[in-house]
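# Summary of structural features
Listed here are the chains, written in short residue letters.
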There are 2 protein chains.
Amino acid sequence: MADVARLAGVAISTVSRALANPGRVNEKTRAKINAAAKQLGYTPNAMARNLRVGKSNIIMIILPGSLYYGVSQIIPQVLQSINKSLIQGGYNLMIANLDRDEISERHILDLAFGGSVRGAIILSSKLPEVDGRSLANSGLPIVSMLLDMSDAGLQSVITNDREAVRDVTAELIRLGHRRFFYLAGPEGNYHDVERYGGVLEALEAAGLSKQAVHRSGGRLDYQHGFDIGVQAADDFAGLAEKPTAVIATSDDMAISFVSRIRRAGLSIPDDLSVVSFDGSPVCEFSSPPLSTIEQPVEEMGRAAVELLLDAIGQRQNPASVRTVVRSKLILRESIAPPKT
Amino acid sequence: MADVARLAGVAISTVSRALANPGRVNEKTRAKINAAAKQLGYTPNAMARNLRVGKSNIIMIILPGSLYYGVSQIIPQVLQSINKSLIQGGYNLMIANLDRDEISERHILDLAFGGSVRGAIILSSKLPEVDGRSLANSGLPIVSMLLDMSDAGLQSVITNDREAVRDVTAELIRLGHRRFFYLAGPEGNYHDVERYGGVLEALEAAGLSKQAVHRSGGRLDYQHGFDIGVQAADDFAGLAEKPTAVIATSDDMAISFVSRIRRAGLSIPDDLSVVSFDGSPVCEFSSPPLSTIEQPVEEMGRAAVELLLDAIGQRQNPASVRTVVRSKLILRESIAPPKT
DNA sequence: CGATTTTTGGCAAACGTTTGCTATAAGACA
DNA sequence: TGTCTTATAGCAAACGTTTGCCAAAAATCG
């Protein structure tokens, strides 16, 4: 920086002000300084800067290991959307894995408490906590995405899972379906609770009993999405009274389920209607093309970043701590009225 | 840190040595210091540390925007594998997007030259370069993954694309196939060149003419994998002499191609054998289950990190600058001898 | 117990910025 | 020409560590 100052014939403090602050320096000298910097190939040292101003420009995204595969269809989109928004705001994106081990938790906490990051977007229901340090009281702005953690006081950007599933179930009922097969995610998982709840609400609204839905799966996490579908197909085969409609809680499990069911000789949608969740592009090319509830991932990513940057900017937005982005039902050939 | 020192009853320099260096301090006092740190909830400031020692502990991964979707099946695995290896080595992973605009290039260069990152793993054939600054001469250790950039002097971790495609083509020839349909990636793309080359080599080895393969696609990048398959299906429909075997260069395009082809009334593998590339799990559940060449993503990620850390550690490894990880052909029902 | 080795204390400089302060210089204006 | 405004210079402290140095203390050993 001193070299740049010398070359531009200005003081070092002026260089600093020219490069960092917007208004403090005359446009002409700023141009001179930029030219000198370019000529010398000078790039300000980000770490020194961050140290001095006491804040980092890195945002970390906390992904539970199990998310990688299970929702593998949407993770790349999430990352791309978030990163794009962040860069526009001058921030960088760091990846933090949250597995079930203490090491990864400690690692995340080190990042948070070590001043490395400025904020976090979390896609896990579990906040890292070990040795008395907890992400919750790290002082970092945090926003949760996909999962509703407003109970824990976190801003949350979510979809209307429950409502969407309720609506699609209602639609199936309208088509004449009376017996359902629900492909569950991990027991207790937020999404699973919401989605199953949506099914039950629709049943109740139609005056149907809870017995109308058979719940399958729930022993594996989303990481094993395909396995869930395979096991569920076995489960289905063993049922005396066959359901006529299937509600799956991820595309992965729907795809493997359908594959196995068709191999067993059943036809979709003639024998069985299927609707799934996530909206991955591959659904369009399944056979038959799968109806699915599309998660508006990009929009959620943008919203999450916006909330986070607001929180960082201290522009307190005491408004709703829960941002709901509407998901979108995509109807394809996998749904039809039941054979009578 | 001063507080910790006071509480532990030691000097501040001792605390520093205890927390950072491995051997320099007695095990007993180290324990005392750790206890004090925990009690106070103290975490060393990473930025100050990095500034002082003049090196960051952040590795950036450079993903071209187009990779996100096209190879969406494998990106999450790449990230997970790399991140896992990095964390074990005490490093963090930062995401850098490389799009076709100058902004993203500048951003990456700022990271590289601003001392923010310690090394880079790049999955793009294009090295960011603007205003005379180039990633190539940033002094950063870089390793390329998926793409062979050893010509540009970069360590490269790649698969044996060409060989794998050659082998599978030879297998198709052995089964009796004589006319092929090749689903291309972007024209000039490294992978496409390699894979197409593999096809041609196999043809030549069998004494077949280049005319035996019809090349389709190549106008879109991998980002539009599904679209490629759709267009190729139209292309296929217009052919007078139908090929009997299809070689696709990504799972996405294979899946959409198969979907459209079957809709047109053709049966796989009776009318048409199909083999694709990537090895995404969904292939097993396509109808019919797709043969595919599996990219050993995790292994490549590990290898890339290992090379990078070696380079950082200055342990010059002047050995082969190209690391080839063998891909794996997974045979499923989508392949059969042609109907005669 | 003396000699030797190991460990720690204390000090201070350094990493590359930002930023508040005062003082000076340069323009603008009347 | 004098006054007011704006822009810059120059200085120095600060951010929170690490690390080399030397001396002091403690532990180990014969």
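Scoring rules and cut-offs
Residues numbered from 1 in each chain as written. Chains lettered and ligands numbered in written order. Predicted model: local features only at pLDDT ≥ 70, side-chain atom pairs only at ≥ 80, totals over all residues. Heavy atoms only, no water. Helix = DSSP H or I, 4+ residues; strand = E, 2+ residues; numbered from the N terminus. Rg over C-alpha atoms; globule rule 2.2 N^0.38 Å. Buried < 20%, exposed > 50% of the residue type's maximum accessible area, 1.4 Å probe, protein only. Contact = heavy atoms within 4.5 Å. Lys, Arg positive; Asp, Glu negative; His and termini not counted. Charge placed at Lys NZ, Arg CZ, Asp CG, Glu CD. Pairing = 2+ DSSP bridges. Axes fitted to C-alpha atoms, helices over the stretch in contact; angles between N-to-C directions. Parallel < 35°, antiparallel > 145°, perpendicular 65-115°, else oblique. Left-handed = near helix turned anticlockwise from the far one by under 90°. Nonpolar A, V, L, I, M, F, W, Y, C, P; charged D, E, K, R; others polar. Least-squares fit on C-alpha atoms with pLDDT ≥ 70 in both. Near = heavy atom within 4 Å. Buried area = accessible area lost by both parts, 1.4 Å probe. Salt bridge = Lys/Arg side-chain N within 4 Å of Asp/Glu carboxyl O. Polar contact = N/O pair within 3.5 Å; in protein donor to acceptor, adjacent residues only side chain to side chain. Domains from an automatic or database assignment. Disulfide = S-S within 2.5 Å.

Attention now moves to the overall build of chain A. Looking only at helices and strands, one finds 12 helices and 14 strands in chain A. Here chain A has a C-alpha radius of gyration of 25 Å; the compact-globule value for 340 residues is 20 Å, and the former is much larger. Scored against the burial criterion, the 340 residues of chain A give a buried share of 57%. A sequence separation of at least 24 residues applies to 71% of the contacts in chain A between residues at least 6 apart. One way to put it: in chain A the 36 positive side-chain charges average out to a point 10 Å from where the 37 negative ones average out.

Spatial ordering of the open sheet is given by E13(A)-E7(A)-E6(A)-E3(A)-E1(A)-E2(A)-E2(B)-E1(B)-E3(B)-E6(B)-E7(B)-E13(B), a layout of 12 strands whose pairing is mixed. This sheet does not close on itself; its edge strands, each paired only once, are strand E13 (322-325) of chain A together with strand E13 (322-325) of chain B. For this sheet the average axis-to-axis angle between neighbouring strands, irrespective of direction, equals 25 degrees.

Another point: the packing of helix H6 (residues 75-88) of chain B against helix H12 (residues 297-312) of chain B. Residues and elements named next belong to chain B. Between H6 and H12, the least distance of the axes is 8 Å, while the angle of their chain directions is 40 degrees. One way to sum up the angle between H6 and H12 is to call them oblique. Along this stretch, H6 crosses H12, giving a crossing that reads as right-handed. Every residue of H12 that contacts H6 at Gln77, Val78, Ser81, Ile82, Ser85 and Leu86 is listed here: Val297, Glu298, Gly301, Arg302, Val305 and Leu309. When its residues are assigned to classes, the contact of H6 with H12 shows six nonpolar, four polar and two charged.

Note that the two copies of the chain are related through a rotation about an axis and a translation along the same axis. Expressed as a screw operation, the relation of chain A to chain B combines 0.1 Å of axial shift with a rotation of 180 degrees, fitting to an RMSD of 0.2 Å. Both copies are brought into coincidence by an operation consistent with a two-fold rotation axis. Considering only C-alpha atoms, the residue of chain A closest to the rotation axis is Met94(A), which sits at 2.1 Å. Mapped onto chain B, 100% of the interface residues of chain A again fall at the interface, so both copies present the same surface.

Next up on the list: the protein's contact with DNA strand C. Close to DNA strand C lie 24 residues; Ser16(A), Arg52(A), Thr14(B), Asn26(B) and Thr29(B) are nearest. When atoms of DNA strand C within 4 Å of the protein are sorted by moiety, sugar and phosphate together comprise 64%. Sorting the residues of the surface near DNA strand C by element identifies helix H2 (12-20) and helix H4 (46-53) of chain A together with helix H2 (12-20) and helix H4 (46-53) of chain B as the ones contributing at least two each. Across the surface near DNA strand C, the residue classes tally to 10 nonpolar, nine polar and five charged.

Right, let's talk about the interface of chain A and chain B for a bit. Contacts between the two partners involve 55 residues from chain A and, on the opposite side, 55 residues from chain B. Across the chain A/chain B interface, buried area totals approximately 4,800 Å², and carbon plus sulfur atoms make up 60% of it. In terms of surface lost to chain B, no three residues of chain A exceed Met47(A), Gln80(A) and Phe285(A), which account for 15% of the buried area on that side. At the junction of chain A and chain B, the tally comes to six salt bridges.

Residues in close proximity to DNA strand D total 24 residues, the closest being Thr14(A), Asn26(A), Thr29(A), Ser16(B) and Arg52(B). In DNA strand D, atoms within 4 Å of the protein come from the sugar-phosphate backbone in 66% of cases. Backbone polar atom of Asn26(A) to a phosphate oxygen of DNA strand D: 2.6 Å apart, as the coordinates give it. Interatomic distance of 3.5 Å between a backbone N/O atom of Ala48(B) and a base nitrogen of DNA strand D. When contributions to the surface near DNA strand D are tallied by element, the ones reaching two or more residues are H2 and H4 of chain A together with H2 and H4 of chain B.

Further remarks concern the domain arrangement of chain A. Under the domain assignment used here, chain A contains domain 1 (2-44), domain 2 (58-158 + 298-325) and domain 3 (161-295). Centre-to-centre separation of domain 1 of chain A and domain 2 of chain A, based on C-alpha positions: 36 Å.

All right, on to the state of the cysteines then. Cysteine pairs can be linked by a disulfide, which is a covalent bond between their two sulfur atoms. Evaluation of the coordinates by the stated rule reveals zero disulfides over all chains. Sulfur of Cys283(A): no disulfide; nearest cysteine sulfur belongs to Cys283(B) and is 15 Å away.

Now for the side chain of Ser256(A). Positionally, Ser256(A) belongs in helix H11 (residues 251-263). Residue classification places Ser256(A) among the buried positions, given a relative accessible area of 0%.

What follows is about the side chain of Ser327(A). All names here are of chain A. With respect to the element layout, Ser327 can be found in the loop between E13 and strand E14 (328-330). Relative accessible area serves as the criterion here: at 12%, Ser327 is assigned to the buried category. Among residues more than four places away in sequence, those in contact with Ser327 are Thr159, Asn160, Ala164, Ile293, Glu294 and Pro296.

To continue, consider the pattern of salt bridges. Summed over the entire model, instances satisfying the criterion amount to 42 salt bridges over all chains. Salt-bridge contacts for Arg263(B) lead to Glu333(A); the nearest nitrogen and oxygen are separated by 3.2 Å. Taken together, the residues span two chains, with Arg263(B) in helix H11 (residues 251-263) and Glu333(A) in the segment after E14. Given the relative accessible area of 51%, Arg263(B) is considered exposed. Of the charged contacts, one joins Arg30(B) and Glu27(B) as a salt bridge, the two residues approaching to 3.6 Å between their closest N and O atoms. Here Glu27(B) and Arg30(B) lie together in helix H3 (residues 27-40), a separation of three residues that amounts to about one turn. Linked by salt bridges that have partners in common, Arg162(A), Arg166(A), Asp167(A), Glu194(A) and Glu201(A) make up one network.

Adjacent strands of a sheet pair through backbone hydrogen bonds, lying either parallel or antiparallel. Residue and element names in this part refer to chain B. Read from one edge to the other, the open sheet built from six strands follows the order E9-E8-E10-E11-E12-E14, with strand pairing classed as mixed. Only two strands of the sheet have a single partner each, and these edge strands are strand E9 (213-217) and strand E14 (328-330). Between one strand axis and the next, the sheet turns by 20 degrees as a mean value, whatever way the strands run. In this structure, strand E8 (residues 180-184) lies alongside E9, joined through five bridges in parallel fashion. Each bridged residue has a counterpart across the sheet, and for Tyr182 the counterpart in E9 is Arg215. Contacting E8, strand E10 (245-248), strand E11 (273-278) and strand E12 (291-294), H11 crosses the sheet at an angle of about 150 degrees to E11.

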